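A look at the structure
In case you want the letters, here they are:
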Amino acid sequence: MDALKLWSLSSQPLKHLFRCASSITTTTLRRPYSYSYSSSSHSRVVLRCCSSTTTTTTTTNAGGRNRRVSTSSSTSDRDAVRAIRLKKVEELRSKGLEPYAYGWERTHTANQLQDIYKHLADGEESKSEKDAVSVAGRIVARRAFGKLAFLTLRDDSGTIQLYCEKERLANDQFDQLKALVDIGDIVGVSGSIKRTEKGELSVYVDSFAILTKSLLPLPDKYHGLTDVDKRYRQRFYLIFLLIFRYVDMIANPEVADVFRKRAKIVSEIRRAVESFGFIEVETPVLQGAAGGAEARPFVTYHNSLGRDLYLRIATELHLKRMLVGGFEKVFEIGRIFRNEGISTRHNPEFTTIEMYEAYSDYESMINMAEEIVTRCALAVHGNLTIDYQGVEIHLERPWRRETMHNLVKESTGIDFDEMGNDLKVAKEVTLENLGGDLDYKDKSSLEACTSIGHLLNEVFEIVVEPKLLQPTFVLDYPIEISPLAKPHRRIAGLTERFELFICGRELANAFSELTDPTDQRGRLEEQVRQHNEKRAAAISKTESAEDKGKLNDESYEVTLDDDFLTALEYGMPPASGMGLGIDRLVMLLTNSASIRDVIAFPVLKVQQ
């Protein structure tokens, strides 16, 4: 087999990728790529790929022990492999064979064959005409022994072995197979079914055709991307994984399986919500005002209109307009865009479902959240006890429900109900109780709080949130941090709002929706005022051009959606609403540690 030791990339963007990866052993990665390197990490990064020949040498490491190190011949770089395969493309065409076919009639998938012929005994062949089969897929492994060749074909369902015998193939097809078929090629084959003496179910090949000739080699199964430790511990492999996700899917079927489960989860969410009578609608991605959440938007410019537009940071305000227009149960599964940080839980674009139901309050959304998550868990796992990163999670209903005040009191001993409105005293009590366990950043966040409600929420996020491993509905948030939620009907200063936490992270957020247009305008205007005050204060503190440059990256203007406020003045019925993060739900149900693992093409942060 050829081996590709190090890719010498020809295009400028990919060359830049390698320049970024070159300092891997001397640079500590910043979050979200905060993976440590062991002391035995190599001083260079080697990507090995499948081709056709390798040589092996023996070296001695620092401990004096011999180890075998694979090396490649002088022609086994990326461009050389590609050039060889391009010549094979020319050779195929010279023989009147099209290396990029228009289609292939197949009778079965690999998985279907494994199921239909599981009864075959070792060494047995099905020879009847009804057992003639035709399959297609990518070659992921090959072995040739004189007049025999064994290839592994993978399609969307699984793998099947191809048993190729020279005497069985017409004309010079066997020689063509050995000379022209490489790992990575997509082929179609026809033949009968046979189980080898060693028990491997195989297509006993009568004929084959190259359907797509692969020009670039795939990573080697044992030394490339399947080495999970290297994929996540070494920066080069992380960058390769994210940029060349399609290669990762080819080399690692379990990666593609995550996205099959994701599709199943999204379908189950849609079925669950529609079973309750909700109608799916679509709202604008480009909006005149970014509203429905407090987050920095992406800004773009529309040439024909001559105005700035924003990528939506939530679907909320337009879905509420649908309620104003007469719809009573609406939902949208949509992409959301927030120009903010990247971490294992955050990606600048992510997917949510938001739903709104007229004539109901936030209690009904508790039922919806339980229904959606449990149905998805059953669809993926078949039971309601799952493992997430070594923690056993129990999803049997009903889930715990507790107020934010009580959870904070339970964890810290601080009773915010006794604080009244004395913010100074509240901060002193909080820092006295928690000061020894807080780092500088957390202390600064607490000291910067502008109200009792903000302080309560900050203590909750720092102390309580990470402990909420089992499903927990956190109820009744302060009004200061809930500008779109209805005031609590019994407790002043709070709102009818809950957030669902599982494994220490927020999964869903719901309100009894605020329908009073005057109250809503006042709250949103106050939110804008407070934000602009913070922004102005930050600007006044900047002393250098460099500081101002950093400020531009961290500060943004908040816009007021006057059209939404006008819509409320026409009258919106009492309603409840909920947003649920689909990416985080998929993380939970596929045991994925990072949001990057459940987004097919995540945004990549490349360090210069």
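Residue positions are given per chain, counting from 1 as you read along its sequence in written order. Residue-level local features of this predicted model are given only where pLDDT is at least 70; pairs of side-chain atoms are given and counted only at 80 or more, and the full residue set underlies all totals for whole chains, interfaces and linings. Only hydrogens and water are set aside when side-chain values are computed; all heavy atoms of the structure are taken into account.

**Quick look at the pairing of strand 20 (residues 472-475)**
Heads up, the condition is: Between buried and exposed lies partly exposed: a residue is buried under 20% and exposed over 50% of the maximum accessible area for its type, with that area taken using a 1.4 Å probe on protein chains only. Helix and strand definitions follow DSSP, with helices as H or I runs of at least four residues and strands as E runs of at least two, each counted in order from the N terminus. At least two DSSP bridges between two strands are needed for those strands to be called paired.
Burial along strand 20 is two-sided: Thr 472 and Val 474 and Phe 473 and Leu 475, pointing in opposite directions, are all buried. As judged from the 4 bridges shared by strand 19 (residues 400-403) and strand 20, these two strands associate in the parallel manner. Of the residues in strand 20, the one forming a bridge with Glu 402 is Val 474. Across 4 bridges, the pairing between strand 20 and strand 21 (residues 497-502) is antiparallel. The residue of strand 21 that forms the bridge with Val 474 is Glu 499.

**Considering the sheet that holds strand 19**
The strand order 11-15-16-23-22-21-20-19 describes an open sheet built from 8 strands, whose pairing is mixed. One side of each edge strand has no neighbouring strand; the edge strands of this open sheet are strand 11 (279-280) and strand 19. Looking at chain direction, strand 11 and strand 15 (residues 329-337) are connected through 2 bridges and run parallel. Note on strand 15: the bridge partner recorded for Ile 279 is Val 330.

**Quick word on the confidence of the model for the chain**
Counted only if it meets this: For every residue, the predictor reports its confidence as pLDDT, a number between 0 and 100. Should any heavy atoms of two residues lie within 4.5 Å, those residues are considered in contact.
Across the chain, pLDDT averages 84, with 81% of residues at or above 70. For residues 222-226, every residue scores under 50 in pLDDT, and the model assigns this stretch 18 contacts once sequence neighbours within four places are set aside. Segment residues 228-235: pLDDT under 50, and 27 contacts once partners within four positions in sequence are set aside and those in other chains are kept.

**Thoughts on the sheet that holds strand 14 (residues 307-311)**
Spatially, the 3 strands line up as an open sheet ordered 12-14-13, and their pairing is antiparallel. In this open sheet, the two edge strands, each paired with only one partner strand, are strand 12 (286-287) and strand 13 (299-302). Relative to strand 14, strand 12 runs antiparallel, the two being bridged by 2 bridges. Within strand 14, the residue paired with Leu 286 across the bridge is Leu 311.

**Comments concerning the packing of helix 8 (residues 253-275) against helix 18 (residues 582-590)**
The test is simple: Under this scheme, a helix contributes an axis fitted over its contacting stretch, all axes are lines through C-alpha atoms, and angles between N-to-C directions fall in the 0 to 180 degree range. Every angle not falling under 35 degrees, over 145, or within 65 to 115 is termed oblique; those three ranges are roughly parallel, roughly antiparallel and roughly perpendicular. In this scheme, a crossing is called left-handed if the near helix is turned counterclockwise away from the far one by less than a right angle; it is called right-handed if the turn is clockwise. Side-chain classes are defined by residue name, with Ala, Val, Leu, Ile, Met, Phe, Trp, Tyr, Cys and Pro counting as nonpolar, Asp, Glu, Lys and Arg as charged, and the others, Gly among them, as polar.
Direction vectors running N to C along helix 8 and helix 18 enclose 120°, while the axes themselves pass 10 Å from each other. Overall, the two elements helix 8 and helix 18 adopt an arrangement that is oblique. Considering the relative orientation of helix 8 and helix 18, their crossing is right-handed. Together, Val 258, Lys 261, Arg 262, Ile 265, Val 266 and Ile 269 of helix 8 and Ile 582, Asp 583, Leu 585, Val 586, Leu 589 and Thr 590 of helix 18 make up the contact between the two elements. Of the residues assigned to the contact of helix 8 with helix 18, the class counts are 8 nonpolar, 1 polar and 3 charged.

**Some points on the pattern of salt bridges**
Should their charged atoms come close, side chains of opposite charge can pair. As a reminder, the rule being used: Any Lys or Arg side-chain nitrogen found within 4 Å of a carboxyl oxygen on Asp or Glu counts as a salt bridge.
Tallying each qualifying case throughout the model produces 39 salt bridges. Notably, a salt bridge pairs Asp 182 with Lys 88, separated by 2.9 Å at the nearest N-O pair. Remark: Lys 88 occurs in helix 2 (residues 78-94) and Asp 182 occurs in the loop between helix 4 (173-180) and strand 9 (186-195); sequence separation between them is 94 residues. Each member of the pair Asp 182 and Lys 88 is classed as buried. Between Glu 268 and Arg 375 there is a salt bridge, with the nearest N and O atoms lying 3.3 Å from each other. Within this pair, whereas Glu 268 is found in helix 8, its partner Arg 375 is found in helix 10 (residues 362-381), the two being separated by 107 residues in sequence. A relative accessible area of 10% places Glu 268 in the buried class.

**Focus on the packing of aromatic side chains**
Basically, it comes down to this: Only Phe, Tyr and Trp rings are paired, with Trp represented by its six-membered ring, and only when their centres lie within 6.5 Å; those with planes under 30 degrees apart are stacked, over 60 edge-to-face, the remainder tilted.
Within this structure, the stated rule accounts for 8 aromatic pairs. Relative to Phe 501, the ring of Phe 460 has its centre 5.5 Å away and its plane inclined at 70°; by these criteria the two rings are edge-to-face. You can see Phe 460 sitting in helix 14 (residues 452-464) and its partner Phe 501 sitting in strand 21, a full 41 residues away along the chain. For Phe 460, a relative accessible area of 0% translates into the label buried.

**Digging into the environment of Leu 311**
Relative to the helices and strands, Leu 311 is located in strand 14. Classification of Leu 311 by relative accessible area gives partly exposed; the value is 22%. Separated by 24 residues in sequence, Leu 311 and Gln 287 have C-alpha atoms that sit 6.3 Å apart. Setting aside anything within four residues of it in sequence, one finds Leu 311 in contact with Val 285, Leu 286, Pro 297, Phe 298 and Phe 337.

**Points about the nonpolar core**
What counts here: Only buried Ala, Val, Leu, Ile, Met, Phe, Trp, Tyr and Cys residues count toward a nonpolar core, and they belong to the same one when joined by side-chain atoms within 4.5 Å.
The biggest cluster of nonpolar side chains holds 46 residues, and the ones touching the most others in it are Ile 269, Met 355, Ile 372, Met 578 and Leu 585. Apart from residues no more than four positions distant in its own chain, Met 355 is found in contact with Val 273, Phe 278, Val 330, Phe 331, Met 365, Met 368, Ile 372, Ser 576, Gly 577 and Met 578. Listed in part, the 27 residues of the second largest apolar core include Ala 110, Ile 160, Cys 164 and Val 189.

**A look at helix 17 (residues 562-570)**
Put simply, the rule reads: Directions are taken from the helix axis to each C-beta atom, and the arc is the one they span.
Regarding helix 17, the residues found buried are Phe 564, Leu 565, Ala 567 and Leu 568. Buried residues of helix 17 fall within an arc of 155° about the axis and therefore sit on the same side. For helix 17, exposure combined with an orientation more than 90 degrees from the buried face picks out Glu 569 and Tyr 570. Looking at the residues trailing helix 17, positive phi occurs at Gly 571, about 110°.

**Considerations on unusual backbone geometry**
Pro 398 follows Arg 397 through a cis peptide bond whose omega is 0°. As for its position among the elements, Pro 398 is in the loop between strand 18 (391-394) and strand 19. Positive phi outside glycine occurs at Gln 389, with the angle close to 50°. Assignment of secondary structure puts Gln 389 in the loop between strand 17 (385-388) and strand 18. Taking relative accessible area as the criterion, Gln 389 reaches 42% and is therefore assigned partly exposed. Its identity as a non-glycine residue notwithstanding, Asp 476 has a phi of 65°, on the positive side. Here Asp 476 lies in the loop between strand 20 and strand 21. Look at Asp 476 and you get buried, because its relative accessible area is 6%.

**Regarding the environment of Asn 347**
Stated formally: Side-chain atoms alone can form a polar contact between residues adjacent in sequence; in general such a contact is a pair of N or O atoms within 3.5 Å, and within protein one must be able to donate a hydrogen while the other accepts it.
Here Asn 347 is to be found in the loop between strand 15 and strand 16 (349-358). Using a relative accessible area of 5% as the deciding quantity, one classes Asn 347 as buried. Residues Asn 347 and Val 603, 256 residues apart in the sequence, show an inter-C-alpha distance of 6.7 Å. The contact partners of Asn 347, leaving out residues within four places of it in the chain, are Ile 595, Ile 599, Pro 602 and Val 603. At 2.8 Å, the side chain of Asn 347 and the backbone oxygen of Glu 349 are in polar contact. Looking at Asn 347, its side chain comes within polar contact range of the main-chain nitrogen of Val 603, at 3.4 Å.

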